[in-house]
Amino acid sequence: MSASPSASFPATPAPVAAHSITAPAATAQRDLHTLYRRVPSLGDYGSMTAIEERWILPMARGYEASAPRFANTGELLGALKEFLAEEEASLPESATFLAEHATLEQFKVVVREFALDGLTESQSLLPVVPRLPYRSGMAVFRVLIDELGCGNDEKAHSQLYRDLLTELGMSLRLDDYLDGTSPECYAYVNMFHWLASRAPSPQYFLGAYAYFETSVLYAFQSFARAAQRLGIAHSAYYTEHLYIDAYHSSHMRTAIRALDEPDLAKIWAGVRLTSDIVGAATEAAIARARETVG
């Protein structure tokens, strides 16, 4: 969903990046997804930690170490605004392909790639709320209430994805997508779980979700345009995000401002690693779609 940012921001020194997943790491992403979905044993904790140490922790530490020296929260939020503007101005060619040229079968490939996330959207994020200071946690909770449909099952984002899958004649069973999902899209799902439950500080999550909720406002444009062009009736999963995430973006900035002791480097690291992982997943999904003929 995101494009490569401008060179005006420092690159990560992390040795493992989401866009260069090796074969062993690709297998590890599925293993990690399995571990995150069950109550872990002592051995499972060791396995999770080992995978995270090879994958996302180097990215987080690298971006934290290279973060600009922000004087205050206002400077960080200004840099985030600039970062997002540069991404929006340099969206990759793949976004145009999806919006203007992808066939129905190719669009279904993209939908399939993100099904592990769409079918469970925001459920893995709930544990972050009690990890945050009260005022910050309540701002995040307001976002999650919307994600879960505000008590209306039909409006929950996961139900909107089910509606889309049903129209496209695709399975609603999560397990049916385990074998076919790319490692980059596994990493996309795993990232949200790590940010909410496993990251050493919930402030990584605040940066990540402040970035994500704003980036969706331009990143989902190509998905919504493709659905409209292809005559898909149940496109509300995309159009709802284009509406509600303007509010969610504001709430996430409030969640950051509410911190009495913000760790600005960790918040910035959350921004940057999420941009990397989301962008890599989107590129991988569309690349797979382009291999599909018909």
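Structural data are supplied above this passage.
Here we summarise the structure given alongside this text. (Residues numbered from 1 in each chain as written. Predicted model: local features only at pLDDT ≥ 70, side-chain atom pairs only at ≥ 80, totals over all residues. Heavy atoms only, no water.)

**Some remarks on the overall build of the protein chain**
No. 1: When helices and strands are tallied, the protein chain shows 14 helices and zero strands.
No. 2: Here the protein chain, with 294 residues, has 55% of them falling under the buried criterion.
No. 3: Restricting to contacts in the protein chain with at least 6 residues of sequence separation, those with at least 24 account for 84%.
No. 4: Put simply, the protein chain shows about 12400 Å² of open surface, and 53% of that area lies on carbon and sulfur atoms. (Helix = DSSP H or I, 4+ residues; strand = E, 2+ residues; numbered from the N terminus. Buried < 20%, exposed > 50% of the residue type's maximum accessible area, 1.4 Å probe, protein only. Contact = heavy atoms within 4.5 Å. Areas by Shrake-Rupley, 256 points an atom, 1.4 Å probe, with all protein chains shown as cover.)

**Quick look at unusual backbone geometry**
No. 1: The residue S122 is not glycine, and still its phi comes out positive at about 75°.
No. 2: You can see S122 is positioned in the loop between α7 (115-118) and α8 (134-147).

**Regarding the nonpolar core**
No. 1: Ranked by size, the top nonpolar core spans 94 residues in total, and within it V140 and Y238 carry the most contacts.
No. 2: Broken down by element, the residue count for this core peaks at twelve residues, all from helix α14 (residues 264-290).
No. 3: In this view, V140 contacts V128, V129, L132, F205, L206, M252 and A255; residues no more than four positions away in its chain are not counted. (Core = buried A, V, L, I, M, F, W, Y, C linked by side-chain atoms within 4.5 Å.)

**Observations concerning the packing of aromatic side chains**
No. 1: The tally for this structure, following the rule as stated, stands at 18 aromatic pairs.
No. 2: Each ring, one from F107 and one from Y238, has its centre 6.1 Å from the other, and the planes form 70°; the classification is edge-to-face. Taken as a pair, F107 in helix α6 (residues 104-113) and Y238 in helix α13 (residues 236-257) lie far apart in primary sequence, 131 residues in all. Residue F107 shares its accessibility class with Y238, and that shared class is buried.
No. 3: Note on F192 and F212: the rings are 5.2 Å apart at their centroids and 75° apart in plane angle, and the pair reads as edge-to-face. Of the two residues, F192 is situated in helix α10 (residues 183-198) and F212 in helix α11 (residues 203-219); the sequence distance between them amounts to 20 residues.
No. 4: Overall, the relative accessible area of 6% leaves F192 in the buried class.
No. 5: Among the aromatic residues, ring-to-ring pairing joins F107, Y161, F220, F223, Y237 and Y238 into one connected group. (Phe/Tyr/Trp six-rings, centres within 6.5 Å; stacked < 30°, edge-to-face > 60°.)

**Considering the pattern of salt bridges**
No. 1: In the structure shown here, the tally under the stated rule is 14 salt bridges.
No. 2: Here R30 and D179 are joined by a salt bridge, their closest N and O atoms 2.7 Å apart. Note that R30 is positioned in helix α1 (residues 23-36) and D179 in the loop between α9 (157-167) and α10, a separation of 149 residues in sequence.
No. 3: Look at D179 and you get exposed, because its relative accessible area is 67%.
No. 4: Its salt-bridge partner being D175, residue R37 comes within 3.4 Å of it at the nearest N-O pair. Of the two residues, R37 is situated in the loop between α1 and α2 (42-54) and D175 in the loop between α9 and α10; the sequence distance between them amounts to 138 residues. (Salt bridge = Lys/Arg side-chain N within 4 Å of Asp/Glu carboxyl O.)

**Focus: the packing of helix α4 (residues 73-89) against α11**
No. 1: One way to put it is that α4 packs onto α11 with a least axis distance of 10 Å and a crossing angle of 30°. As judged from the angle between their axes, α4 and α11 are roughly parallel. Viewed along their axes, α4 and α11 form a crossing whose handedness is right-handed. Contact residues: L80, F83, L84, E87 and E88 in α4; A210, Y211, T214, S215 and Y218 in α11.
No. 2: Taken together, the residues of the contact of α4 with α11 break down into six nonpolar, two polar and two charged. (Axes fitted to C-alpha atoms, helices over the stretch in contact; angles between N-to-C directions. Parallel < 35°, antiparallel > 145°, perpendicular 65-115°, else oblique. Left-handed = near helix turned anticlockwise from the far one by under 90°. Nonpolar A, V, L, I, M, F, W, Y, C, P; charged D, E, K, R; others polar.)

**Here's the deal with helix α3 (residues 56-65)**
No. 1: In terms of burial, α3 is a largely internal element, seven of the ten residues being buried.
No. 2: Listed as buried for α3 are I56, L57, P58, M59, A60, G62 and Y63.
No. 3: Where α3 is buried, its residues contact α2, α10, α11 and α14.

**A word on α4**
No. 1: Here α4 is 17 residues long and its end C-alpha atoms lie 24 Å apart, about the 24 Å a rise of 1.5 Å per residue gives.
No. 2: The backbone nitrogen of G74 lies 3.1 Å from a side-chain oxygen of the residue at the head of α4, namely N72. (Expected span 1.5 Å × (residues − 1). Polar contact = N/O pair within 3.5 Å; in protein donor to acceptor, adjacent residues only side chain to side chain.)

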